[in-house]
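# Chain and residue survey
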Amino acid sequence: MKIYQVALKEIGKRKMRTLYTSFGIAVAVSMLISVMITASSGQKEVFNVIARYGHSLTITPVDKSSSQSLKNFGIGTGSYIPESALPDILNVYQDAIVAGWEKMGALIFQEGTMGVAGAAFPPPTFAPRLYEETTVKGKDVIVGGVVLEKELIARFWWDISDGRFMENDNEVIVGKLFATLTLTKPGDTLDLGNSKMIVTGILRETDSPDDYMVFTSLKACQTIFNKQGKISMINVRAMCPKCPVGEAAVEINKKVLGVRATSQMEIATAQSQIFQKTTALIVSFVVASLIISCIGVFNIIMGAIHGRMREIGLLKALGASKNQLIRFFLYEAVLIGVTGGVIGFVLGGALSHIVGPILFKDIVIQISPRFLVIAVLLGTLASILASIYPAVYASKIRVTEAFKSL
Amino acid sequence: MVNGTIADLREVSKIYPMGGLPVSALNKVSMSIKRAEYIAIMGPSGSGKSTLLNILGGVDQTSHGEVLLGGVKIDNLSEKALLSARRKTVSYIFQEARLLSSLTALENVMLPLAFYSSKESGVKPKDRALALLAKVGLAKRASHLPHQLSGGEAQRVSIARALMNDPLLVLADEPTGNLDSKTGEEIMDLFRTLNNEGLTIVMVTHDPQKASHARRVIRLKDGEIMEDVTNHKFSICETT
């Protein structure tokens, strides 16, 4: 007979109590695992987007005329980039990216693609916009002229909550806030300048200035506001995850007069940091719940020890040392922890399928075996931590005290 | 061990604090236990019987005096050394069998081996446990769980368990207290048989009938030995 064999047999005798104790661990572990799975899958979703679209670059005219309030939103009106400058800007950008890749290593440059060997990327997306201030339904509003197919790449988060995107030059979509304040709905007609435009859809809320804007095609916007050949800004999507857009911004600022290019990499980094901090905050709450579970398990095991004085007395009478008694109880703790970890993993996996889609749109929950390992290790650690004091307490019970129960 | 003496108590006193006042459980008790003795300790409740048994077994400490167990003075030993001395020397039999309900009779007999190795005898532990079960008349009950055994059978299993480490001394605290008289007598017969084979037994009992099975009877009162007589029904086993 070995101590662990005796411990296992004793646990087998108290299956329900072991399962009940394990469940306390399982609940906390499941929360932690669901947060970890969701965060991991969500982060993959973010990285996938970055990998698909890359970092972005904003190119605006050196603006001396826009009102300060609009500039605060990064929107400039009154100063323009000639549409004819787009090919030059594109060339400077491409050259800078190529130079950047060369600095980083081997380069394959094929027509329409670029990137390191084995990983060719599509060309960047240059999405031009024209902004104009006007009054619609008695409200001061900014109209954005966009090239929709490029805009949907540059602003991949755009989605229509009601209706559809515009398809013709006499159609517009409006931001959610504007639609709410002006009671605009798909099918309505809006007066833009002298043109009557049909509202085809309402943008889903983006928490950005887009929510209080009206969008139409670039061509329509240029025609309505008599700004043919002019654009207010260009949003560039690198379309590759590690493209050196920062260097491209520097080169554009150096070589193209009258424009200012700003890399958005810092914003992406900041977003990633916020994401990580938020995850850390949630994890800290869940760890707190794990500690509470430990206290619950501690209480259950302490209670069980008082109920097992006869058993402890017998084992001491038969020659069990303090260390052997501690091991006897810790074997039980390990089994409780492993059981709790496995149950917690299953529950956590299920929970992540519920929580994940609420937090991240289009998230693909990916449950890797490492989460099972983490769950079992966490459950075991929590159970052992909760059991150490009760086990030591049991080992220190005086034999004569324990004998009184025999 | 001198002259086959297994345990020796010299002027042993035990004082418990109770409600802030010292209470004497044993008062200058001296006695020797020789190999193959069968001693019954009798006395009213509170006379110090269990305290004496615990001190003999090395699980309780004296307030004064000396205790030698297997020739080793145990009152100043470290906890580890004392545990080692106890494992080699004494075994307990309790009023109730106290078997682990999750283990079979055979596993219960082998339970002490979970905590230490038995003396080298060249016999496999399982074979020894089976032989002990056969000795107590339970060869066919080895695979039974405690709830499948009668009270007497369970107590026999606990006796086999007490013999597993081949002890010098078996301490039995009211071993028939929970059994009917017929089964109690059967256990007493088993004790006699084991004693005749050379096992040293010290048994605490209230029952003069059970005490009459022992070769030596010690009567305690108020922590002192009032009487220490040889039971002349039996011839003293002069084993050394």
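Computed from a predicted model, the values in this text were never measured in an experiment. (Residues numbered from 1 in each chain as written. Chains lettered and ligands numbered in written order. Predicted model: local features only at pLDDT ≥ 70, side-chain atom pairs only at ≥ 80, totals over all residues. Heavy atoms only, no water.)

### Describing the overall build of chain B
Helix and strand content of chain B: seven helices and ten strands. Counting only residues that meet the buried cut, chain B has 55% of its 240 residues in that class. Within chain B, contacts between residues separated by at least 24 positions form 71% of all contacts whose residues are at least 6 apart in sequence. Of the roughly 10700 Å² of accessible surface on chain B, a fraction of 51% belongs to carbon and sulfur atoms. (Helix = DSSP H or I, 4+ residues; strand = E, 2+ residues; numbered from the N terminus. Buried < 20%, exposed > 50% of the residue type's maximum accessible area, 1.4 Å probe, protein only. Contact = heavy atoms within 4.5 Å. Areas by Shrake-Rupley, 256 points an atom, 1.4 Å probe, with all protein chains shown as cover.)

### Description of the interface of chain B and chain A
On the chain A side, the residues contacting the 24 residues of chain B number 25 residues. Between chain B and chain A, a total of about 2300 Å² is buried, with carbon and sulfur atoms accounting for 65% of that surface. In this assembly, chain B and chain A are joined by two salt bridges. Residues B:Glu79 and A:Lys322 are paired through a salt bridge, measuring 3.4 Å at the closest nitrogen-oxygen approach. (Buried area = accessible area lost by both parts, 1.4 Å probe. Salt bridge = Lys/Arg side-chain N within 4 Å of Asp/Glu carboxyl O.)

### Here we look at the side chain of B:Thr176
All names here are of chain B. On the secondary structure map, Thr176 appears in the loop between β7 (169-173) and α6 (181-196). Looking at Thr176, the relative accessible area reads 10%, which means it is buried. When near neighbours in sequence (up to four residues on either side) are disregarded, Thr176 contacts Gly184, Ile187, Met188 and Lys210.

### Comments concerning the confidence of the model for chain B
Residue and element names in this part refer to chain B. Confidence in the prediction of chain B, expressed as mean pLDDT, is 86, and 92% of residues score 70 or more. Low pLDDT, under 50, characterises residues 234-240; the stretch is placed with 13 contacts to residues that sit more than four places away or in other chains. The complex model carries a pTM of 0.64, and its ipTM stands at 0.84. (pLDDT = per-residue confidence, 0-100.)

### A few points about the environment of A:Cys240
In this structure, A:Cys240 sits in the loop between β13 (233-237) and α8 (245-255). The class for A:Cys240 is buried, based on a relative accessible area of 1%.

### What about the packing of helix α1 (residues 3-13) of chain A against helix α11 (residues 322-359) of chain A?
Residues and elements named next belong to chain A. The geometry of α1 relative to α11 is characterised by a closest axis approach of 9 Å and an angle of 50° between their N-to-C directions. In this view, α1 runs oblique relative to α11, as classed from their interaxial angle. Crossing hand, α1 versus α11: right-handed. Facing Ile3, Tyr4, Val6, Ala7, Leu8, Glu10 and Ile11 of α1, the residues of α11 in contact are Gln324, Arg327, Phe328, Tyr331, Glu332 and Leu335. (Axes fitted to C-alpha atoms, helices over the stretch in contact; angles between N-to-C directions. Parallel < 35°, antiparallel > 145°, perpendicular 65-115°, else oblique. Left-handed = near helix turned anticlockwise from the far one by under 90°.)

### Brief notes about the nonpolar core
Within soluble globular proteins, side chains that are nonpolar generally end up buried alongside one another. With 75 residues, the main nonpolar core has B:Leu111, B:Leu169 and B:Val202 as its most contacted residues. In this view, B:Val202 contacts B:Ile33, B:Ile39, B:Ile41, B:Leu53, B:Leu56, B:Leu169, B:Val170, B:Leu171 and B:Ala172; residues no more than four positions away in its chain are not counted. Core analysis: the next-biggest nonpolar cluster, separate from the first, contains 44 residues, A:Tyr93, A:Val143, A:Met197 and A:Cys243 among them. (Core = buried A, V, L, I, M, F, W, Y, C linked by side-chain atoms within 4.5 Å.)

### Focus: empty space enclosed by the protein
Per the counting criterion, the structure on display carries four cavities of 30 Å³ or more. Forming the boundary of the largest cavity are 13 residues, of which A:Ala317, A:Leu318, B:Val90, B:Ser91 and B:Tyr116 lie nearest the centre. Breaking the lining of the largest cavity down by element, the ones donating at least two residues are α2 (79-89), β6 (90-93) and α5 (151-163) of chain B. Ranked by the residues each element gives to the lining of the largest cavity, the list is headed by β6(B), at three residues. For the lining of the largest cavity, the residue count by class is seven nonpolar, three polar and three charged. Taken as a whole, the second largest cavity spans an internal volume of roughly 70 Å³. (1 Å grid on protein atoms, 1.4 Å probe; cavity = no way out; pocket = protein on both sides within 12 Å on 5 of 7 lines; lining within 4 Å. Points joined across faces, edges and corners; volume = space filled by probe spheres on them. Nonpolar A, V, L, I, M, F, W, Y, C, P; charged D, E, K, R; others polar.)

### Let's talk about the sheet that holds strand β10 (residues 224-230) of chain B
Residue and element names in this part refer to chain B. Pairing within the open sheet is mixed, and its six strands lie in the order β6-β7-β8-β3-β9-β10. The open sheet is flanked by β6 and β10, the only strands paired with a single partner. Taken over all neighbouring pairs, the strand axes of this sheet differ in orientation by 20° on average, direction set aside. Set on the sheet, helix α1 (residues 49-56) makes contact with β3 (38-42), β6, β7, β8 (200-204) and β9 (216-221); between it and β7 the angle comes to about 155°. (Pairing = 2+ DSSP bridges.)

### What about the packing of α5(B) against α6(B)?
Residue and element names in this part refer to chain B. Contact geometry of α5 with α6 gives a least axis separation of 10 Å together with a crossing angle of 20°. In this view, α5 runs roughly parallel relative to α6, as classed from their interaxial angle. Along this stretch, α5 crosses α6, giving a crossing that reads as right-handed. Of the residues in α6, those touching α5 at Gly152, Gln155, Arg156, Ile159 and Leu163 are Thr183, Glu186, Ile187, Leu190, Phe191 and Leu194. A class-by-class count of the residues in the contact of α5 with α6 yields six nonpolar, three polar and two charged.

### Regarding the sheet that holds strand β4 (residues 64-69) of chain B
The strands making up a sheet associate through backbone hydrogen bonding, with each pair oriented either parallel or antiparallel. Residues and elements named next belong to chain B. With antiparallel pairing, four strands are arranged side by side in an open sheet as β2-β1-β4-β5. A single partner strand is all that each edge strand has here, and the edge strands are β2 (21-34) and β5 (72-73). Where strand β1 (residues 5-18) lies against β2, ten bridges are found, and the strand directions are antiparallel. Bridging from a neighbouring strand, Met18 pairs with Leu21 of β2.

### Brief notes about the environment of B:Asn76
Residue and element names in this part refer to chain B. By the secondary structure assignment, Asn76 is in the loop between β5 and α2. Given the relative accessible area of 65%, Asn76 is considered exposed. Expressed as a C-alpha distance, the spacing of Asn76 and Gln61, which sit 15 residues apart in the sequence, is 9.1 Å.

### What about α8(A)?
Of all the positions in α8(A), only A:Val245, A:Ala248, A:Ala249, A:Glu251 and A:Ile252 are classed as buried. When α8(A) is viewed along its axis, its buried side chains cluster within an angular range of 165° and face the same direction. (Arc of directions from axis to C-beta.)

### A few points about the packing of aromatic side chains
Residues and elements named next belong to chain A. This structure, assessed with the given rule, holds eleven aromatic pairs over all chains. Their ring planes at 70° and their centres at 6.4 Å tell us that Tyr4 and Tyr331 sit as a pair that is edge-to-face. Taken together, the residues Tyr4 in helix α1 and Tyr331 in helix α11 connect sequence positions 327 residues apart. Of the residues examined, Tyr4 reaches a relative accessible area of 41% and is grouped as partly exposed. Residue Tyr331 is classed as partly exposed on the basis of its relative accessible area of 32%. Each ring, one from Phe178 and one from Tyr212, has its centre 5.8 Å from the other, and the planes form 65°; the classification is edge-to-face. With Phe178 in helix α6 (residues 176-182) and Tyr212 in the loop between β10 (195-203) and β11 (213-217), the pair connects residues that are 34 residues apart, well separated along the chain. Among the residues examined, Tyr212 registers a relative accessible area of 23% and is labelled partly exposed. An aromatic cluster of at least three residues, connected via ring pairs, comprises Trp158, Phe165 and Phe215. A cation over a ring is seen here: Arg370 above Phe371, with NZ or CZ 4.6 Å from the ring centre. (Phe/Tyr/Trp six-rings, centres within 6.5 Å; stacked < 30°, edge-to-face > 60°. Lys NZ or Arg CZ within 6 Å of the ring centre and 35° of its normal.)

### Quick word on the pairing of β10(B)
Note that β9(B) and β10(B) share six bridges and pair antiparallel. Note on β10(B): the bridge partner recorded for B:Leu220 is B:Ile225.

### Examining the confidence of the model for chain A
Residues and elements named next belong to chain A. Residues of chain A with pLDDT of at least 70 account for 84%, and the chain-wide mean is 82. Counted against residues more than four places away or in other chains, residues 67-74, with its pLDDT under 50, gives seven contacts. pLDDT under 50 marks residues 108-113. Its contacts with residues more than four places away, or in other chains, come to twelve contacts.

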